[in-house]
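A closer look at the structure
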Amino acid sequence: IAAAPQNGRLFAILLGRGRLDNPSGYITGLLRFVKTQLLPQDQVAIVAYDRALPFTTDHQKVADTLERFKKSHEDVDFALGQQLGDTGMAPLYGTRVLPKKLQTKIDEMMLGPGAAPVVPTPDEVVDHEAFGGMSLDQFVASTATTLQDQGNLMALLEYLRRFDGQKHVLFVTENGLRWPSDAGDQALATIANDARAAIHSLETGGMLAK
C-alpha cells in the first residue's frame, strides 16, 4: 500500500488467542462489518498468531480469511496452547519452532490453501523504526516471538507508525490484556498515541467481575 493513504481508512484486525466466535459471535460480526460497512477505498489487514493478511481493498479476500479463521481457529489455538505449555517445545526452543503441521495450518488459515511459508527475519536485523520494504506479513512473522496478544498488539502498532491517515485496530480477544502492572497500559497508550491509531477492544469472554 502507499505510504501515505489520503482517501481512505486503515483497519487492522488483530485476532487474539482463545475462543473468539462461539458463543459470542464476534467473528461473525466482523464478517458483517467487512461485507457491509466498509467504503470501497478502505484498506484492511488481518493479523493472527505469526501470520498476516497484508492491507488490501479486496474486502472479499478479507472475508474469506475471516471465514477460514472462524472455522479453524479453536483447533489451532488448542494445538498452540499445548506447544506453549510446560510440556511443549516452545519453552526450550522458542515459539518459532512450531511443528510443521501446525505452522502449515496457520499459514493456510490466514492466506488460503497452498500458502507459501514466510521466512522470519532475525531479530537483530529487524529495523523497528523503518522496517525497510517489509510487508506486514513479513514483519509479523519476524516479531511474533511469543505468539501472545500483548506482543502482537505492540508490534502491530509499531508497524502502523509508518502510515498516515485514519487508523483503527480492531483487537478481538477472549480475556483482554492482562498486564502485570499499570506500566503496561501506559506503554500501550504511548505507542498507540505515537502511531496515531485508535484501539477498539472486543472481549469475547465478557468483562471480569469485581
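Residues numbered from 1 in each chain as written. Predicted model: local features only at pLDDT ≥ 70, side-chain atom pairs only at ≥ 80, totals over all residues. Heavy atoms only, no water.

Let's talk about the packing of helix α6 (residues 149-160) against helix α7 (residues 182-195)
Selection criterion: For helices, the fitted line uses only the C-alpha atoms of the stretch in contact; every axis is such a line through C-alpha atoms, and the angle between N-to-C directions lies from 0 to 180 degrees. In this text, helices come from DSSP runs of H or I with a minimum length of four residues, and strands from runs of E with a minimum of two, each type numbered from the N-terminal end. By the definition adopted for this analysis, an angle is roughly parallel if under 35 degrees, roughly antiparallel if over 145, roughly perpendicular if from 65 to 115, and oblique otherwise. Handedness of a crossing is defined here by the sense of rotation of the near helix relative to the far one, left-handed for an anticlockwise turn of less than a right angle and right-handed for a clockwise turn. In this analysis, two residues are considered to be in contact whenever any of their non-hydrogen atoms come within 4.5 Å of each other. Three categories are distinguished: nonpolar for Ala, Val, Leu, Ile, Met, Phe, Trp, Tyr, Cys and Pro, charged for Asp, Glu, Lys and Arg, and polar for the others, with Gly belonging to the last.
With their axes 8 Å apart at the nearest point, α6 and α7 run at an angle of 20 degrees to one another. In terms of orientation, α6 lies roughly parallel with respect to α7. You can see that α6 and α7 cross each other, and the crossing is left-handed. Between α6, through Leu153, Met154, Leu157, Glu158 and Leu160, and α7, the contact on the second element is made entirely by Gly184, Ala187, Leu188, Ile191, Ala192 and Ala195. Looking at the contact of α6 with α7, its residues break down into nine nonpolar, one polar and one charged.

Some points on the sheet that holds strand β5 (residues 197-203)
Rules: Two strands are said to pair when DSSP picks up at least two bridges between them.
Pairing within the open sheet is mixed, and its five strands lie in the order β3-β2-β1-β4-β5. If you trace the sheet from one side to the other, it starts and ends with β3 (51-56) and β5, each paired once. Adjacent strand axes in the sheet meet at a mean angle of 15 degrees when their direction is disregarded. The sheet strands contacting helix α5 (residues 136-143) are β2 (43-48) and β3, and the helix crosses β3 at an angle near 155 degrees.

So, the packing of aromatic side chains
What counts here: Between the rings of Phe, Tyr and Trp (Trp by its six-membered ring), a pair exists once the centres lie within 6.5 Å; its type follows the angle of the planes, with under 30 degrees stacked, over 60 edge-to-face, and the other angles tilted. Relative accessibility decides the category of a residue: with a 1.4 Å probe and only protein chains considered, values under 20% of the type maximum give buried, values over 50% give exposed, and everything between is partly exposed.
As enumerated under the stated definition, the model contains five aromatic pairs in all. On the basis of an interplanar angle of 35 degrees and a centroid distance of 5.2 Å, the ring pair of Phe139 and Tyr159 is categorised as tilted. Placement of Phe139 in helix α5 and of Tyr159 in helix α6 is noted, with a sequence separation of 20 residues between them. Of the residues examined, Phe139 reaches a relative accessible area of 1% and is grouped as buried. The rings of Phe55, Phe139, Tyr159 and Phe163 are connected pair by pair, giving a single aromatic cluster.

Some remarks on the environment of Val47
By secondary structure assignment, the location of Val47 is in strand β2. For the pair Val47 and Phe171, spaced 124 residues apart in sequence, the C-alpha to C-alpha distance is 9.6 Å. Not counting chain neighbours up to four residues away, the residues in contact with Val47 comprise Ile13, Leu14, Leu15, Ala52, Met110, Leu136, Val140 and Leu156.

As for the pattern of salt bridges
Quick reminder of the rule: The salt bridge definition used is simple: a Lys or Arg side-chain nitrogen within 4 Å of an Asp or Glu carboxyl oxygen.
This structure, assessed with the given rule, holds nine salt bridges. Asp77 is the partner of Arg17 in a salt bridge, and the nearest nitrogen-oxygen pair spans 2.7 Å. One end of the pair, Arg17, is in the loop between β1 (9-15) and α1 (26-36); the other, Asp77, is in helix α2 (residues 59-84), with 60 residues separating them in the sequence. By relative accessible area, Arg17 is classed as buried at 16%.

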